[in-house]
Amino acid sequence: MEKNTFATSAYIATSPETAFEYLCSLKNLDDWTLFSRMKEQVDEDTWIGSASGYHKNLYYHVKKLENPLFFGIEWHCGFEYQKYFQVYPVLLFPPDYIEPGTDEKGVYFHWLSFVDPRRQTQMIMQGIHTVHTSECRSLKAILERKAGYKQAAKGRYFIDTDTIYVDAPVEIGVKYLSNLRNMDEWAHLVRPFGEISPESGEFLDEYDQKVNISLRLHTLSKYYLLEQEYFYPDYQFYQRSVALLIPTAYAFGDPSAPGFILHQITFWKPGESLPHGKLQIEDFGAEAMNIKRMLEAKAGNLESFNRGMSYLPQTQELLVTASN
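Residues numbered from 1 in each chain as written. Predicted model: local features only at pLDDT ≥ 70, side-chain atom pairs only at ≥ 80, totals over all residues. Heavy atoms only, no water.

Peer 1: Looking at this model, I keep getting lost on the sheet that holds strand β9 (residues 191-196). Mind explaining?
Peer 2: The strands that make up a sheet are held in pairs by hydrogen bonds between backbone atoms, and each pair lies either parallel or antiparallel. With respect to topology, seven strands assemble into an open sheet ordered β8-β14-β13-β12-β11-β10-β9, the strand pairing being antiparallel. Both edges of this open sheet fall to β8 (158-166) and β9, since each of them pairs with a single strand only. On average, adjacent strands in this sheet sit at an angle of 25° to one another, irrespective of strand direction. Across seven bridges, the pairing between strand β13 (residues 237-247) and strand β14 (residues 260-268) is antiparallel. Considered in β14, the bridge of Leu244 is made with His263. Relative to the sheet, helix α5 (residues 170-177) contacts β11 (210-220), β12 (223-232), β13 and β14, its axis offset from that of β13 by approximately 160°. Relative to the sheet, helix α8 (residues 281-298) contacts β8, β13 and β14, its axis offset from that of β8 by approximately 20°. (Pairing = 2+ DSSP bridges. Helix = DSSP H or I, 4+ residues; strand = E, 2+ residues; numbered from the N terminus. Axes fitted to C-alpha atoms, helices over the stretch in contact; angles between N-to-C directions. Contact = heavy atoms within 4.5 Å.)

If you want it as structure tokens, here you go:
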């Protein structure tokens, strides 16, 4: 997994609209975070406030994401006004996005965090999982309490993720991954069965079962969202996953950082053993390694694959190369 990227998720028994409205207000960070306390409002979408990971104040900025499929925002942080080096995308998936036609209410909250390797401290790296997981629980409790709940509500699904760094221009990644005809190169569990268009086609899975696969690409803020849908017509079985392709320069606030982060978001039912489709997060992770290898080769970066799954600034890359 990409070691500079952190993902936190939860099912929240409130409406997507209510969750979105609450998250858009930076002042609400006072209520559910460990120590992000808004002290001075700078403009409509920006505050100066304290932070859990620093002994100094940060500028906090919120940006709404324009997307017809679900609600989303980004939080941005930095030490100077309008010079933000941390970005935190948040996506709010309604249940019927995960499972079309479901009667489940509520929303699935997914919070993605990036920590620039050049600005990391040991405390931030050692503490971010603990803090963000607990803050996510706090957010869930506040919104569910406002909805009248007395204890944590359980969703039908949980979110699991796989993240990898690809040392190739994001434009190459988008062009390659949004064309379904290329899937036969990087996916080892399905193979084409008949004519395949760039957006859809019929495949056979590892058990020779027919599966219709389709792709849809969306622009989201400064990055891309790619939907992948599997449908088994003989079994009426449906599975959807989402991949974000985020330029490394944007993720870490470093214009000189090459490549992109491939972050795959998947949905699973607790305790359920699936009969078809991707059966485990490792199926996504294995394909991501193949994608990384092929795209980096296309970009001429043959040594990048040897350095592993995570982004390294150039100075760290030189140290790693020298030690091998």
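Peer 1: What exactly am I supposed to notice about a nonpolar patch on the surface here?
Peer 2: A surface patch of nonpolar side chains, amounting to about 220 Å² of accessible area, comprises Met289, Phe305 and Met309. Looking at where Phe305 falls in the secondary structure, it is placed in the loop between α8 and α9 (314-323). (Patch = residues over 30% accessible without salt bridge, like charges linked within 9 Å, V, L, I, M, F, W, Y side chains within 5 Å. Areas by Shrake-Rupley, 256 points an atom, 1.4 Å probe, with all protein chains shown as cover. Salt bridge = Lys/Arg side-chain N within 4 Å of Asp/Glu carboxyl O.)

Peer 1: Looking at this structure, how should I read unusual backbone geometry?
Peer 2: Backbone phi values are negative for most residues with the exception of glycine, while trans is the configuration of most peptide bonds. The phi angle at Ser221 is positive, at roughly 60°, despite the residue not being glycine. Note that Ser221 resides in the loop between β11 and β12. Residues other than glycine seldom take positive phi values, yet Gln236 does so here, at roughly 50°.

Peer 1: Is there a simple way to think about α5 in this case?
Peer 2: Every α-helical turn comprises 3.6 residues, leaving residues that sit three or four positions apart pointing alike. Among the residues of α5, Val170, Gly173, Val174, Tyr176 and Leu177 are the ones counted as buried. Against α6 (183-186), β11, β12, β13, β14 and α8 lie the buried residues of α5. (Buried < 20%, exposed > 50% of the residue type's maximum accessible area, 1.4 Å probe, protein only.)

Peer 1: How do you make sense of the nonpolar core when you look at a structure like this?
Peer 2: Buried together is how nonpolar side chains tend to be arranged in soluble globular proteins. Grouped together as the largest cluster of nonpolar side chains are 35 residues, with contacts concentrated most on Leu23, Trp32, Trp75 and Phe109. Contributions of two or more residues to this core are made by β1 (5-12), α1 (16-24), α2 (29-32), β4 (58-64), β5 (71-78), β6 (86-93), β7 (107-114) and α4 (122-146). If you tally residues by element for this core, the top one is α4, at six residues. With 33 residues, the next largest nonpolar core counts Val170, Met183, Phe203 and Leu226 among its residues. (Core = buried A, V, L, I, M, F, W, Y, C linked by side-chain atoms within 4.5 Å.)

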